[in-house]
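A structural walkthrough
Okay, here's what each chain looks like letter by letter:
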Amino acid sequence: MVVGVRLNILKRIDKDVLIRFLDELKAGGARLISDAHNCEEFGCEGAYGGAMYRDADIIIAFGGDGTILSAARSAAPYEKPVLGVNFGHLGFLTQLDPNDVCTSAQKLLTGDYSIEKRMMIEALLPDGRTCLALNDIVVNRGYAMTMLHCDLKIDGELCDSFGGDGVIVSTATGSTAYCLSCGGPVISPKLSCMVVAPICSHSLRSRPIVISPEESVTITVSDRGKSARIDADGVFSAVLKVGQSVTMYRSEKEARFIKFEDRNFYALLRSKLSE
């Protein structure tokens, strides 16, 4: 088995726990590769430029939800499953906490786990490129202090026009992230759908809308507005100029997560959001 190790060097990771976990995997015959610049320090071979995701059988990501999101986006084109180990704060996407990792090494080696698939979304950018997201794609005003005016179409039909800070297009997975703080609903991750949520809309009628995964969402910066920026899972993707549009739709790619047990989503929700 080849195990890809994704490390967030900005997180305060317990190196003793990390090394003990990786040593157990190596003792069981696993080959460890990593794209971290200091990977030799943890007994891993270097694998850069996407090679880790191409060559690994599974990916283990040590960090918070941001690290897991990044690993899931990179692993999705190769259909590789990701195991998240929480060294962050909330950890909605992580499966293990640091105290649990060493007891799980044998389960990984023997394949004693299940794979959970999550819907992802893509955006067709004005220049023809696409970007991929597991949580959300956000059209926002960036650092500008002026209102952003948007036209919102669903399947090509005008749904709303409003001014505000922007629009979030979220998956069910992302419903507990930025979308939640903008008044969006919490959606079970077992559902495939999208949530379209205005950000601080200067309108009494603009409200979050849940749509089917077969529908598409197009956002246009209207002539009254200013240029916007597009972020996919919090990562800058493109600038949207006045009159330009971006279209979001269900991706053919899926995120895959390793699960050792069926953690109850609602118990997790209650625990994480009461912290």
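Quick caveat: nothing in here was measured; it's all calculated off a predicted structure.

Observations regarding the side chain of Thr 67
- By the element assignment, Thr 67 lies in helix 3 (residues 65-75).
- For Thr 67, the contacting residues outside a window of four places in its chain are Arg 6, Asn 8, Ala 61 and Phe 62.

Some words on unusual backbone geometry
- Residues other than glycine seldom take positive phi values, yet Asp 155 does so here, at roughly 55°.
- Along the polypeptide, Asp 155 turns up in the loop between strand 9 (148-154) and strand 10 (157-164).
- Asp 155 gets classed as partly exposed once you look at its relative accessible area, which sits at 47%.
- Non-glycine residue Asp 233 carries a positive phi angle of around 55°.

Focus: the packing of aromatic side chains
- Enumeration over the complete set of coordinates arrives at three aromatic pairs.
- Ring centres of Phe 21 and Phe 62 lie 6.1 Å apart, and the angle between their planes is 70°; on these two criteria the pair is classed as edge-to-face. Within this pair, whereas Phe 21 is found in helix 1 (residues 15-27), its partner Phe 62 is found in strand 4 (residues 58-63), the two being separated by 41 residues in sequence. Like Phe 21, the residue Phe 62 is buried in the burial classification.
- Measuring from centroid to centroid gives 6.4 Å for Tyr 113 and Phe 260, while their planes differ by 90°, and the two rings are edge-to-face. With Tyr 113 in the loop between helix 4 (101-110) and strand 6 (114-124) and Phe 260 in the loop between strand 17 (245-259) and helix 6 (265-273), the pair connects residues that are 147 residues apart, well separated along the chain.

With respect to the nonpolar core
- Ile 137, Val 139, Val 217, Ile 219, Ile 230, Val 246 and Met 248 are the most contacted members of the largest nonpolar core, which has 28 residues in total.
- For this core, the leading source of residues is strand 9, giving four residues.
- For Ile 137, the residues in contact, after removing those within four places along its chain, are Ile 121, Glu 122, Ala 123, Cys 131, Val 167, Ile 168, Val 169, Ile 230, Asp 231, Ala 232 and Met 248.
- Val 3, Leu 18, Val 101 and Phe 260 belong to the second largest nonpolar core, which has 27 residues in total.

Notes on the sheet that holds strand 12 (residues 194-199)
- A sheet is described by the order of its strands in space; here six strands give the open sequence 13-12-11-8-15-16, paired in antiparallel fashion. Pairing within the sheet leaves two strands with one partner each, and these edge strands are strand 13 (209-211) and strand 16 (235-240). Adjacent strand axes in the sheet meet at a mean angle of 20°, parallel and antiparallel pairs treated alike.
- The pairing of strand 12 with strand 13 spans three bridges and is classified as antiparallel. The residue of strand 13 that forms the bridge with Val 196 is Ile 209.

Some words on the environment of Arg 20
- You can see Arg 20 is positioned in helix 1.
- We classify Arg 20 as partly exposed; its relative accessible area is 43%.
- The spatial distance from the C-alpha of Arg 20 to the C-alpha of Cys 193 is 40 Å, given a sequence separation of 173 residues.

Details of helix 6
- If you check which residues of helix 6 are buried, you get Phe 265, Leu 268, Leu 269 and Lys 272. What you see down the axis of helix 6 is that its buried residues fit within an arc of 105°, all on one side.

Details of the side chain of Ser 70
- With respect to the secondary-structure elements, Ser 70 resides in helix 3.
- Taking the relative accessible area as the measure of exposure, Ser 70 reaches 16% and is therefore buried.
- Engagement of the side chain of Ser 70 in a polar contact is seen with the side chain of Arg 6, the distance being 3.0 Å.

A short note on the confidence of the model for the protein chain
- Summarising the model, the protein chain shows a mean pLDDT of 90, and 95% of its residues fall at 70 or more.
- No element of the protein chain has a lower mean pLDDT than helix 6, which averages 79, and none a higher one than strand 7 (residues 130-133), which averages 98.

What about the pattern of salt bridges?
- Inspection of every chain in the model, using the stated rule, returns twelve salt bridges.
- A salt bridge links Arg 129 to Asp 127; the shortest N-O distance between them is 2.7 Å.
- Residue class for Arg 129 comes out partly exposed when judged on its relative accessible area of 41%.
- With relative accessibility at 51%, the residue Asp 127 sits in the exposed group.
- Within this structure, Glu 116, Arg 118 and Lys 259 form a network of salt bridges that share partners.

So, how was this worked out
- Residues numbered from 1 in each chain as written.
- Predicted model: local features only at pLDDT ≥ 70, side-chain atom pairs only at ≥ 80, totals over all residues.
- Heavy atoms only, no water.
- Helix = DSSP H or I, 4+ residues; strand = E, 2+ residues; numbered from the N terminus.
- Contact = heavy atoms within 4.5 Å.
- Buried < 20%, exposed > 50% of the residue type's maximum accessible area, 1.4 Å probe, protein only.
- Phe/Tyr/Trp six-rings, centres within 6.5 Å; stacked < 30°, edge-to-face > 60°.
- Core = buried A, V, L, I, M, F, W, Y, C linked by side-chain atoms within 4.5 Å.
- Pairing = 2+ DSSP bridges.
- Axes fitted to C-alpha atoms, helices over the stretch in contact; angles between N-to-C directions.
- Arc of directions from axis to C-beta.
- Polar contact = N/O pair within 3.5 Å; in protein donor to acceptor, adjacent residues only side chain to side chain.
- pLDDT = per-residue confidence, 0-100.
- Salt bridge = Lys/Arg side-chain N within 4 Å of Asp/Glu carboxyl O.

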